[in-house]
Amino acid sequence: SHTFLTKLKLPELFAELEESKINLEKITKKKISHLSLPGGRYNNKVLKTAQQIGYHTVCNSEINPNGFHTNQFKLGRIAIKKNMSLDDFSKIIKQDKGFIKKLQIFSFWKKIAKASLGNVLYYKLWNLWNH
């Protein structure tokens, strides 16, 4: 359902993660072992439940360099969006430290806004900004 998993009680969380995994495996006829968190939101309960259900990795929305020693249940990612310029995409591919730092700072302020405004108001404002 793509709900924010941090808002669910443990039985709902378990059902959401397990049922979606089972459904995707039926559709794709492949084992699903990687989870991308809705809205990038997580807490220890979400990570622990994902591991119990059989996910091998979990991606959040934090912009982190993933390396050899990265926690496989806290993988960062950089969203590639339809309006992204080729120049910005190239900077990501080349791991331009200055550009990635800029993205991390923007992401930090987004995280503060999400925490301060709450999910509903944040996404109303986000939709206004992006449309």
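Residues numbered from 1 in each chain as written. Predicted model: local features only at pLDDT ≥ 70, side-chain atom pairs only at ≥ 80, totals over all residues. Heavy atoms only, no water.

A.B. asks: Can you walk me through a nonpolar patch on the surface in this structure?
C.D. replies: The grouping of Ile-80, Leu-86, Phe-89 and Ile-93 at the surface amounts to a nonpolar patch, some 420 Å² of accessible area in total. Structurally, the position occupied by Ile-80 is in the loop between β2 (57-59) and α3 (86-93). (Patch = residues over 30% accessible without salt bridge, like charges linked within 9 Å, V, L, I, M, F, W, Y side chains within 5 Å. Areas by Shrake-Rupley, 256 points an atom, 1.4 Å probe, with all protein chains shown as cover. Salt bridge = Lys/Arg side-chain N within 4 Å of Asp/Glu carboxyl O. Helix = DSSP H or I, 4+ residues; strand = E, 2+ residues; numbered from the N terminus.)

A.B. asks: Can you walk me through the packing of helix α4 (residues 97-117) against helix α5 (residues 119-130) in this structure?
C.D. replies: Helix-helix packing is characterised by the crossing angle of the two axes and by the distance between the axes. Running from amino to carboxyl end, α4 crosses α5 at an angle of 130°, the nearest separation of the two axes being 6 Å. In terms of their interaxial angle, α4 and α5 are classed as oblique. Helix-helix and strand crossings are classified by hand; for α4 and α5 the assignment is right-handed. On α5, the residues that touch Lys-110, Ala-113, Lys-114 and Leu-117 of α4 are Asn-119, Leu-121, Tyr-122, Tyr-123 and Leu-125. Split by residue class, the contact of α4 with α5 holds six nonpolar, one polar and two charged. (Axes fitted to C-alpha atoms, helices over the stretch in contact; angles between N-to-C directions. Parallel < 35°, antiparallel > 145°, perpendicular 65-115°, else oblique. Left-handed = near helix turned anticlockwise from the far one by under 90°. Contact = heavy atoms within 4.5 Å. Nonpolar A, V, L, I, M, F, W, Y, C, P; charged D, E, K, R; others polar.)

A.B. asks: In this structure, what is going on with the pattern of salt bridges? I would like to understand it.
C.D. replies: Close approach of charged atoms allows side chains with opposite charge to pair. Applying the stated rule across the entire model yields three salt bridges. One salt bridge connects Lys-21 with Glu-25, and the closest N-O pair in it is separated by 2.7 Å. Of this pair, Lys-21 and Glu-25 both sit in helix α1 (residues 10-28), separated by four residues, roughly a single helical turn. Ionic pairing is found between Asp-87 and Lys-91, a salt bridge with its closest N-O pair at 3.4 Å. Here Asp-87 pairs with Lys-91, and both are found in helix α3, just four residues apart, close to one helical turn. What makes Lys-91 partly exposed here is its relative accessible area of 27%. (Buried < 20%, exposed > 50% of the residue type's maximum accessible area, 1.4 Å probe, protein only.)

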